[in-house]
Amino acid sequence: PPQIESVVPIPDNAAGGPVADKPRNVILQVNFDEPVLPTVVSGKTITLGPTGTLTTSGVLQPGTFDKLRARLLGNAGALTETFIAGEWKLGNQYQTSEFWTTDLCGRNSCGGEVFCLPGPEHLAVEALAASLFKSGEPASKGLFDGIEDVAGNSLDGNRDGKTQGPTAFYNLNLPENKTGDNVRWSFFTADTIDLTAPLVQSTAPALQSSGAPLLSPLEITFTKPMARSTLNSENLDLAGTEKATGKFWDTWWDVVSENLPRPEPPPAPLPDPQQTKALVRHGGLWAETDYQSAVRSEVKDLFQNCFFPSGGGACVPTAAQPYCCNGTACAAGEVNCKVCGF
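Scoring rules and cut-offs
Residues numbered from 1 in each chain as written. Predicted model: local features only at pLDDT ≥ 70, side-chain atom pairs only at ≥ 80, totals over all residues. Heavy atoms only, no water. Helix = DSSP H or I, 4+ residues; strand = E, 2+ residues; numbered from the N terminus. Rg over C-alpha atoms; globule rule 2.2 N^0.38 Å. Buried < 20%, exposed > 50% of the residue type's maximum accessible area, 1.4 Å probe, protein only. Contact = heavy atoms within 4.5 Å. Areas by Shrake-Rupley, 256 points an atom, 1.4 Å probe, with all protein chains shown as cover. Lys, Arg positive; Asp, Glu negative; His and termini not counted. Charge placed at Lys NZ, Arg CZ, Asp CG, Glu CD. Salt bridge = Lys/Arg side-chain N within 4 Å of Asp/Glu carboxyl O. Pairing = 2+ DSSP bridges. Disulfide = S-S within 2.5 Å. Axes fitted to C-alpha atoms, helices over the stretch in contact; angles between N-to-C directions. Phe/Tyr/Trp six-rings, centres within 6.5 Å; stacked < 30°, edge-to-face > 60°. Lys NZ or Arg CZ within 6 Å of the ring centre and 35° of its normal.

Undergrad: Mind showing me how you'd approach the overall build of the protein chain here?
TA: From N to C terminus, the protein chain includes zero helices and 23 strands. Relative to a compact globule of 342 residues, whose C-alpha radius of gyration would be 20 Å, the protein chain shows 22 Å and is just as compact. In terms of its C-alpha atoms, the protein chain occupies a principal-axis envelope of roughly 65 × 45 × 40 Å. The 342 residues of the protein chain split such that 46% are buried. Intrachain contacts of the protein chain at a sequence separation of at least 6 include 64% that bridge at least 24 residues. Of the roughly 15,500 Å² of accessible surface on the protein chain, a fraction of 55% belongs to carbon and sulfur atoms. A gap of 2 Å separates the mean positions of the 24 positive and 37 negative side-chain charges of the protein chain.

Take a look at the structure:
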């Protein structure tokens, strides 16, 4: 059965305590230890107000996606029926689901919309296990009423190696209680917004290097934890031209990612991730070939800030030269805009 490998934000039992309250524009992230069924970990959560109108938080609309959900907690952590509207998006080869709310609260450096959680507030996130076909066995009942892997095994939420199904909630804030495979954890938001843009800290192979291994994935390490649903083959490019014949490199590539430092299973004793490394896997590089790789501004950090290479590096783009290539501002078509790579 699948298990939850890590969550962001991590469980926090006290406002303003040893774990910092999170900026309102944080994206909720649930990372699984294996691929999970897309239809039960992605979808739109729609909420309604007292008059039945759409709201950014309220009661769940009947039939809305609710296998993963965020809700407000009341006094002393009491559960309320006020849920947060938004969309859970799948990424990282079906192993990461991330929650983007509908409460517009600003724009990032690229002009993109930024959405926020309520704050300052005490919030809980819940992940539901699927009903079991047979008690004590991992196979789900096929109702798609909870989280299961692509082979149909229900979530092992309490990480005991067995499946109890959705009988009770395992609370990551109180890990000594291991009954049931539904999962809940809570954390606090502050009335702040993180507007710091992520940068690329390092790459492998190094920029403009030679002699790269033909089978190893490319590595891109960012200075901040990233929204892993934005790290994909649409936003990370790889292209090559064979030197002797001029033929274009023609094979597949995909993207997986990992948070750094790599957390232990929840409840994680480590702090929230500080960075994210993207691995661009491919079908093999060609010998004697020049490669160009690129990170698009559609890549975002966990606070919805777009990748913005001029946000503190040596490259300072202008209207005439809007791109950054190996630390140099350039325009599309310029020679130095064509040699970003290794």
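Undergrad: Sorry if this is basic, but what is going on with the pattern of salt bridges here?
TA: As enumerated under the stated definition, the model contains 15 salt bridges in all. Salt-bridge contacts for Asp237 lead to Arg296; the nearest nitrogen and oxygen are separated by 2.4 Å. In this pair, Asp237 sits in strand β18 (residues 236–242) while Arg296 sits in the loop between β21 (289–295) and β22 (323–325), placing the two residues 59 residues apart along the sequence. When the shortest N-O distance is used, the salt bridge between Asp290 and Lys243 registers 3.8 Å. Of this pair, Asp290 sits in strand β21 while Lys243 sits in the loop between β18 and β19 (253–260), placing them 47 residues apart in sequence. Residue Lys243 is classed as exposed on the basis of its relative accessible area of 52%.

Undergrad: What is the right way to look at the pairing of β18 in this model?
TA: Two faces make up the sheet, and in a regular strand the side chains alternate between them. The alternating pattern of β18 places Leu236, Leu238, Gly240 and Glu242 on a buried face, while none of Asp237, Ala239 and Thr241, on the opposite face, is buried. Direction of pairing for β18 relative to β21: antiparallel, over a ladder of seven bridges. Bridging across to β21, Leu238 finds its partner in Ser293.

Undergrad: I would appreciate a short explanation of the sheet that holds strand β7 (residues 68–73) in the present structure.
TA: The strands that make up a sheet are held in pairs by hydrogen bonds between backbone atoms, and each pair lies either parallel or antiparallel. Pairing in this open sheet of eight strands is mixed, and the strands run β5-β4-β6-β8-β7-β13-β15-β14 from one edge to the other. Only two strands of the sheet have a single neighbouring strand rather than two, namely β5 (54–55) and β14 (169–171). Pairing of β7 with strand β8 (residues 79–84) involves two bridges; the strand directions are antiparallel. For Leu73, the partnering residue across the bridge sits in β8 and is Leu79.

Undergrad: I would appreciate a short explanation of the state of the cysteines in the present structure.
TA: As used here, a disulfide is simply a covalent bond connecting the sulfur atoms of two cysteines. Scanning the entire structure with this criterion turns up two disulfides. Put simply, Cys105 and Cys116 are joined by a disulfide, and their sulfur atoms are 2.1 Å apart. As the torsion about the S-S bond is roughly 70°, the Cys105-Cys116 disulfide counts as right-handed. With Cys105 in strand β11 (residues 104–107) and Cys116 in the loop between β12 (113–115) and β13 (121–127), the pair connects residues that are eleven residues apart, well separated along the chain. Cys116 gets classed as buried once you look at its relative accessible area, which sits at 2%.

Undergrad: Honestly, unusual backbone geometry in this entry has me stumped. Any pointers?
TA: Peptide bonds are, in most cases, trans, and in most cases residues other than glycine have a negative phi. A cis amide bond links Ala204 to the next residue, Pro205, at an omega of 0°. With respect to the helices and strands, Pro205 occurs in the loop between β16 (200–204) and β17 (218–222). Here the residue pair Leu260 and Pro261 is connected by a cis peptide bond, since its omega of -5° sits within 30 degrees of zero. Structurally, Pro261 is set in the loop between β19 and β20 (275–282). In this model, Tyr94 sits at a positive phi of 65°, which is unusual for a non-glycine residue. Mapped onto the elements of the fold, Tyr94 is located in the loop between β9 (86–91) and β10 (96–101). Judged by relative accessible area, Tyr94 falls into the partly exposed class, the value being 44%. A positive phi angle, close to 55°, is found at Gln208, a residue other than glycine. Along the polypeptide, Gln208 turns up in the loop between β16 and β17.

Undergrad: Explain the sheet that holds β16 to me, please; I cannot follow it from the model alone.
TA: The antiparallel open sheet is built from four strands, whose spatial order is β16-β17-β20-β19. At either end of the open sheet lies a strand with only one pairing partner, and these are β16 and β19. Direction aside, neighbouring strands of the sheet carry axes that sit 15° apart on average. As defined by bridge partners, β19 adjoins β20 across eight bridges and the pair is classed as antiparallel.

Undergrad: What should I look at first to understand the packing of aromatic side chains in this one?
TA: Evaluation of the coordinates by the stated rule reveals four aromatic pairs. Arranged with centres 6.2 Å apart and planes meeting at 85°, the rings of Phe222 and Phe307 form a pair that is edge-to-face. Of this pair, Phe222 sits in strand β17 while Phe307 is found in the loop between β21 and β22, placing the two residues 85 residues apart along the sequence. Given a relative accessible area of 9%, Phe307 falls into the buried group. A centroid spacing of 5.5 Å and a plane angle of 80° characterise the contact between Trp249 and Tyr291, whose relative ring orientation is edge-to-face. Here Trp249, found in the loop between β18 and β19, pairs with Tyr291, found in strand β21; they are 42 residues apart in sequence, far enough to count as distant. Comparing Trp249 with Tyr291 shows no difference in burial state: the two are buried. Through a chain of ring-to-ring contacts, the aromatic side chains of Trp249, Trp253 and Tyr291 assemble into a single cluster. It is Lys89 that lies over the ring of Trp100; its NZ or CZ is 4.6 Å from the centre. Sitting over the ring of Phe169, Arg184 keeps its end group 3.9 Å from the ring centre.

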